[in-house]
Amino acid sequence: MTLAFHRPSSIADAAKLLAGAEDGKFLAGGMTLLPTMRQRLADPSDLVDLSSLPGLAMIERTGDGLVIGALTRHADVAGSEVVKAAVPALAALAGRIGDPQVRYRGTIGGSIANNDPAADYPAALLALDATVVTDRREIAADDFFLGTFETALETDEIVTAVRFPIPLAASYEKLRSPASRYALVGVFVARFADGVRVAVTGAGPCVFRSADIEEALASAFEPSALDRISIDASELNSDLHADADYRAHMIMVLTKRAVAAAIAGH
Amino acid sequence: MTAIGIGQAPKRKEDVRFLTGRGRYVSDIKLHNMAAAFFVRSPHAHAKIGAIDSSAALEAEGVVAVFTGADLEAAKVGGLPVGWGITGSDGEPMKEPFYPVLAVGKVRHVGDPVAVVVAETPEQAQAAADLVMVDYEPLTPVVSMLDALKPEAPLVHEDVPQNLCCDWAMGDEAAVEEARQKAAHIARIELVNNRLIGNPMEPRAAIAEYDRARDHYTLYTTSQFPHVVRFLMGGLVLNIPQHKLRVVAPDVGGGFGVKQFHYAEEAALTFIAGKLCRPVKWVSERSEGFVSDRQGRDHVTEAELMLDENGKFLGLWVSTLANMGGYLSTFGPNIPTNLYAPLLSGVYKLPAIFCNVKVVFTNTLPVDAYRGAGRPEATFVLERLVDVAAIETGIDKIEIRRRNMISKEEYPYQTPVVVEYDSGDPMACLDKAIEVADIAGFEARRTEAARRGKYRGLGLSTYVEACGLAPSRLAGQMGARGGLYESATVRVHPTSHVSVMIGTHNHGQGHETTFAQIVSEQLGVPFEDIDIVFGDTDRVQFGMGTYGSRSLVVGGAALSKAGDKVIVKGRKIAAHLLEASFEDIAFEKGEFKVAGTDRAKTFAEIAGAAYVPHDYPLETLEPGLEEQAYYDPINFTYPGGAHFCEVEIDPDSGEIELCAYTAVDDVGTIINPMIVEGQLHGGIVQGIGQALFEHGIYDEETGQLMSGSFMDYCMPRADNLPSITISPQVTACAHTPMGVKGCGECGTIGSPAAVINAVVDALKPLGITHVDMPATPNRLWAIIRNAQSTSIAAE
Ligand SMILES: Cc1cc2nc3c(=O)[nH]c(=O)nc-3n(C[C@H](O)[C@H](O)[C@H](O)COP(=O)(O)OP(=O)(O)OC[C@H]3O[C@@H](n4cnc5c(N)ncnc54)[C@H](O)[C@@H]3O)c2cc1C
């Protein structure tokens, strides 16, 4: 099948092109989509390249939050003084995604639209209670990540930005897959005036929050508050690099580290 | 314009083209009217092949032809040959089933090629490959060796009962039994040497061309040994006369053994180019390499070390299952036998050794040499056992090694397993390593780590390797079907520039620099004026290629012999020009001199005169200055050394950090210290890869390769590694011309045991004596958790 390549210059055109395509795909950094096509796991009829859309590669500090445009590359988030000042844990997370090549191509919008169960950003969005802004609506992170590679997005819906509230303290701890560098387990802990949110990626079929951990930390934001909690391994992933028991154990190890780091960093 | 000789460290000549992107690799070559091939490969580990329907593929856009095993069979194409034949302890030769170029009747591993689609472009060939309908009838695969040997196991080859290729042994079983009776202590170990996938940076590739006018074939291929490919493929598979076949291996981006075999793709492409009278190209994809490159290691071993009450070694008993995969590859059966058992004495006096190896077929990728090839496996068994003995007897790990080491004075040393070490000084290596690695400070480092909640461990491995493959006489006795000498031609041009034609192959090792230094030293010719030519059977007279740390040891020796002949010839010319007798001409510092006088001719003058024989006495002096030598070593060489590794393990998570690595290696005379250091770094990192990261894993039920991409197969990376300290120790080899021993594989041989010994040492408080490779965080965490729960249960 021949592949049609489009590079629209407006968001509206991009959405229209996709809606009109037989089996179209948006292309951002291409770090997930292109390998998938090379392996012949995806064979789209149309690629709608988002790279020329204006204003989507941006980072901005607003009154009560931080806005990151969908086309902002991981390396730019990692290196941004604005992000480092507002949510240092987010910059650090971006700086540990994959390898330099991936960080210079991959985008936050692509990462969350793809929703790989081992991706890092979904944990940040969920723990920070972020809002996904699209060309047609706003979606709370809690409603956005639905399942393995599944999100609330319509097929022709374009993520334009992510809006993050600023936490009092936050930290992300990750056990990397030694091979791919994706998260075998990643835990994002964010402390706000009104509570604590904790999101876990890599361990299950989709990023998730742990109510047990959040409650324990809400009553005392310190590692020892977690001593009595254990995670049920039965719902977790097992693969060549980590079995479910190990993942369950590592969720707690990493959460404690993240809490300690959040306290120390504040 | 200077001579740069032995011991200096000029920057590598070849790096200018590599670092500026001007290397010329097989995939860079584009021939007129070239078609593209794509291999249709088996998705099953074990299946009967029924009908193959290529009709839809043939209709697809751009498709030129489709070939299957039946086409090759009809043309009487031979099977892929094995270069070594081993014989079982019962006197039976190994079982050597037919290895078809394209599968016939059955597929025996995932990735086994069943058809080739040729099209105008690679994309068309790949797309059409999906349309080749192969009627597979899946059979139960045998995946693990233990299963393969069971009586009820399915057979990989119908004519190989119990999947047993050969039941092989070396050494004296009765003597070991006697040692067992006398022993005060027997240390025992069961271990797995994990399967590795080589993954050179450049994937394999080939282009075949047929010139109908000259009835002549050319194969461009990513090979470590083009002359051997010409012989094996032309002589044994395709029946192409040697003078009608040229094999070119241009720049090759890494080999590590993966490219030292004759592969099915080479033969298939050459066959097809002849049939179509069109050049055909194939470039492996990375994921294709995972299921079509030969793989390495894969042993299951039990071993026992017998000691007397003073910790002296009395005997060693080793029993190994070695995986061959689905077919016998070029050197396959030789690796876990002849390159394994003779290394089991290590640097120790071990009076009795017995080693049994069962060589087994399974439905996995064929296994053959991978950097180190047999010797890392042997070192791992021995050095792990020595550590187990140290733990169990309470003798310090350094002390127990000292008590048993061969001392410098005891060389040459005959081991009970065939080989005689010509030279070495393992004690000096160990002493130096102890100092460089600051072993005296280790306990303080361990205490400090414990304060941070970390387990710190110190691992030591000594090793010896037999390399410089190989003395043909000895190799012949061990089953080699060819010789293992090397050849070099030194061509001095009239301008005194020098071209060296050599049969080894440079694919990253720096030969163009090292060999030029040898010539520069020997002839006094400027380093820049020397070119090393390799990798083309039409330009280089003959050769066995590069593997087994042989290029400098055997090729460099041939080169220096050829250089000696050039000097002799130069003296003859000088004698004529200077009207002196040949005996009176000495060659020194680039000049031919009449002894005791100041009459002399420079090397350049002689080179010029060699080609202007206006007044030559032609009956006694030929024009020209070009000489050739073949060199066959009289023994292997035996580099060796001592490696120390320090690790820290987080007992909470099993995460492991390599904190320090020190290597003291004796590689004999060092030609270029920078290159030697690079070779050691690379080798050590590959060994660390095996110890901590790499694992070719097959699904036990289906035989699918689970770690079939870089998403799951973990290569070591810079940020996994400490800065490695290399500190050489030199004893010259007693029998090679320059005293060199070879350094290509040392690092890979010493390091896995050093790393795992460090891991086990770190976990010593838990009473653990062995950890299998790779020591991943998950594995370490599970071990720590089990040990803690058993100790809690015991309390
Ligand atoms: C070797 C390697 C290692 C990696 N390691 C990590 C890691 O450690 N952690 C991690 O989190 N990720 C990792 N990744 C993934 C990486 O972060 C990708 O960049 C990311 O998942 C996808 O972003 P992209 O911009 O490349 O998207 P693309 O590949 O271009 O697109 C991905 C998907 O998202 C859709 N899409 C893209 N942009 C939008 C948009 N604005 N609106 C709607 N849909 C959109 C596309 O249609 C496509 O379906 C790794 C990738 C590789 C290749």
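Reading the values: the criteria
Here, residues in each chain are numbered from 1, in the same order as that chain's written sequence. Written order determines the labels here, with chains lettered from A and ligands numbered from 1. Local features are withheld for residues below a pLDDT of 70 in this predicted model, meaning they are given only at 70 or higher, and side-chain atom pairs are given and counted only at 80 or more; totals for whole chains, interfaces and linings count all residues. By convention in this description, side-chain values take in all heavy atoms of the structure and omit both hydrogens and water. Every axis corresponds to a line fitted to the C-alpha atoms, with the helix fit spanning only the stretch in contact, and the corresponding angles, defined between N-to-C directions, vary from 0 to 180 degrees. Runs of H or I in DSSP of at least four residues are treated as helices and runs of E of at least two as strands, each being numbered from the N terminus. Any angle from 65 to 115 degrees is called roughly perpendicular, while one under 35 is roughly parallel, one over 145 is roughly antiparallel, and all others are oblique. Each crossing gets its hand from how the near helix is turned against the far one by less than a right angle, where anticlockwise is left-handed and clockwise is right-handed. Should any heavy atoms of two residues lie within 4.5 Å, those residues are considered in contact. Proximity is defined per residue: any heavy atom of the residue falling within 4 Å of a molecule or strand makes that residue near it. Polar contacts, as counted here, are pairs of nitrogen or oxygen atoms within 3.5 Å of one another; within protein the pair requires one atom able to donate a hydrogen and one able to accept it, and residues that are adjacent in sequence qualify only if both atoms are side-chain atoms. Calculation of accessible area relied on Shrake-Rupley with a 1.4 Å probe; when residues are assessed, cover is drawn exclusively from the protein chains displayed. Residues are grouped as follows: Ala, Val, Leu, Ile, Met, Phe, Trp, Tyr, Cys and Pro are nonpolar; Asp, Glu, Lys and Arg are charged; every other residue, Gly included, is polar. Either an automatic procedure or a domain database provided the assignment from which the domain bounds are taken. Basic side-chain nitrogens of Lys or Arg form a salt bridge, by our definition, when they fall within 4 Å of a carboxyl oxygen of Asp or Glu. The classification of residues rests on relative accessible area computed with a 1.4 Å probe and restricted to protein chains. Under 20% of the type maximum is buried, over 50% is exposed, and intermediate values are partly exposed. Note on definitions: buried area is the accessible-area loss of two parts on being combined, 1.4 Å probe, summed for both. For two strands to pair, DSSP has to find at least two bridges joining them.

Once that is clear, we can look at the packing of helix H15 (residues 511-523) of chain B against helix H16 (residues 551-578) of chain B. The geometry of a pair of packed helices is captured by two quantities: the angle between their axes and the separation between those axes. Residues and elements named next belong to chain B. Put simply, H15 and H16 touch, their axes get as near as 10 Å, and they point 30° apart. Classed by the angle they form, the pair H15 and H16 counts as roughly parallel. H16 is crossed by H15, and the crossing has right-handed handedness. For the pair H15 and H16, contact is made by His-511, Thr-514, Phe-515, Ile-518, Val-519, Gln-522 and Leu-523 and by Ser-551, Leu-552, Gly-556, Leu-559, Ser-560, Gly-563, Asp-564, Val-566 and Ile-567, respectively.

Another aspect to go through is the site of the ligand. Residues and elements named next belong to chain A. As a matter of local geometry, the ligand sits amid 30 residues, with Phe-26, Gly-30, Met-31, Thr-107 and Arg-181 nearest to it. Phe-26 is positioned with one of its backbone polar atoms (N or O) 2.5 Å from an oxygen atom of the ligand. In the environment of the ligand, an oxygen atom lies 2.8 Å from a nitrogen or oxygen atom belonging to the backbone of Gly-29. For the ligand, the protein covers 92% of the area, taking 960 Å² as the surface of the free molecule. Elements represented by at least two residues in the shell around the ligand include exactly strand E2 (24-27) and helix H7 (108-114). Sorting elements by how many residues they give to the shell around the ligand places H7 first, with four residues. The class makeup of the residues in the shell around the ligand is 14 nonpolar, 11 polar and five charged. Here the shell around the ligand gathers at least three residues from each of two domains, domain 1 (1-49) and domain 2 (169-264).

Let us look at the pattern of salt bridges. Residue and element names in this part refer to chain A. Tallying each qualifying case throughout the model produces 63 salt bridges over all chains. Ionic pairing is found between Asp-13 and Lys-16, a salt bridge with its closest N-O pair at 3.9 Å. Taken as a pair, Asp-13 and Lys-16 lie in helix H1 (residues 11-20) at a separation of three residues, close to a single helical turn. Asp-135 is paired through a salt bridge with Arg-136; the nearest N and O atoms lie 3.0 Å apart. We classify Arg-136 as partly exposed; its relative accessible area is 39%.

Glancing now at the domain arrangement of chain B. Residues and elements named next belong to chain B. You can read the domains of chain B as domain 1 (33-139 + 201-254 + 259-290), domain 2 (296-469 + 635-794) and domain 3 (485-631). One C-alpha centre belongs to domain 1, the other to domain 2; they are set 36 Å apart. Taken together, the contact pairs 29 residues of domain 1 with 28 residues of domain 2. At the boundary of domain 1 with domain 2, total buried surface from both sides reaches about 2300 Å², with 67% on carbon and sulfur atoms. Contact with domain 2 buries area across many residues of domain 1, yet Trp-84, Phe-261 and Phe-290 alone supply 29% of it, more than any other trio. Here domain 1 is connected to domain 2 by eight residue pairs in polar contact (both at pLDDT 80 or more). Broken down by element, the side of domain 1 that touches domain 2 gets its largest block of residues, three residues, from helix H9 (residues 286-290).

Another point: the sheet that holds strand E22 (residues 585-588) of chain B. Residues and elements named next belong to chain B. Taken together, the three strands give an open sheet; going across it, the order is E22-E23-E24, and neighbouring strands pair in antiparallel fashion. Of all the strands in the sheet, the pair left with one neighbour each is E22 and strand E24 (600-602). On average, adjacent strands in this sheet sit at an angle of 20° to one another, irrespective of strand direction. Pairing of strand E23 (residues 591-594) with E24 involves three bridges; the strand directions are antiparallel. Within E24, the position partnered with Glu-591 by the bridge is Thr-602. Strands E22, E23 and E24 of the sheet are contacted by H16, whose axis makes an angle of about 50° with E23. Strand contacts of helix H17 (residues 603-610): E22, E23 and E24, with the helix running at about 80° to E24, the strand carrying the most contacts.

Let's shift gears to the interface of chain A and chain B. On the chain B side, the residues contacting the 21 residues of chain A number 24 residues. Summing both partners gives a buried area of about 1800 Å² for chain A against chain B, and 49% of it is carried by carbon and sulfur. Looking at the side of chain A facing chain B, the largest losses of area belong to Arg-40, Leu-240 and Tyr-246 of chain A, adding up to 31% of the total buried there. For the pair chain A and chain B, the number of links is six salt bridges. Of the charged contacts, one joins Glu-655 of chain B and Arg-257 of chain A as a salt bridge, the two residues approaching to 2.6 Å between their closest N and O atoms. Joining chain A to chain B, the criterion identifies 12 residue pairs in polar contact (both at pLDDT 80 or more). When residues of the side of chain A that touches chain B are traced back to their parent elements, those giving at least two are strand E11 (169-176) and helix H11 (244-265) of chain A.

Right, let's get into the domain arrangement of chain A. We note that the domain assignment places domain 1 (1-49) and domain 2 (169-264) within chain A. On a C-alpha basis, the centres of domain 1 of chain A and domain 2 of chain A stand 35 Å from each other.

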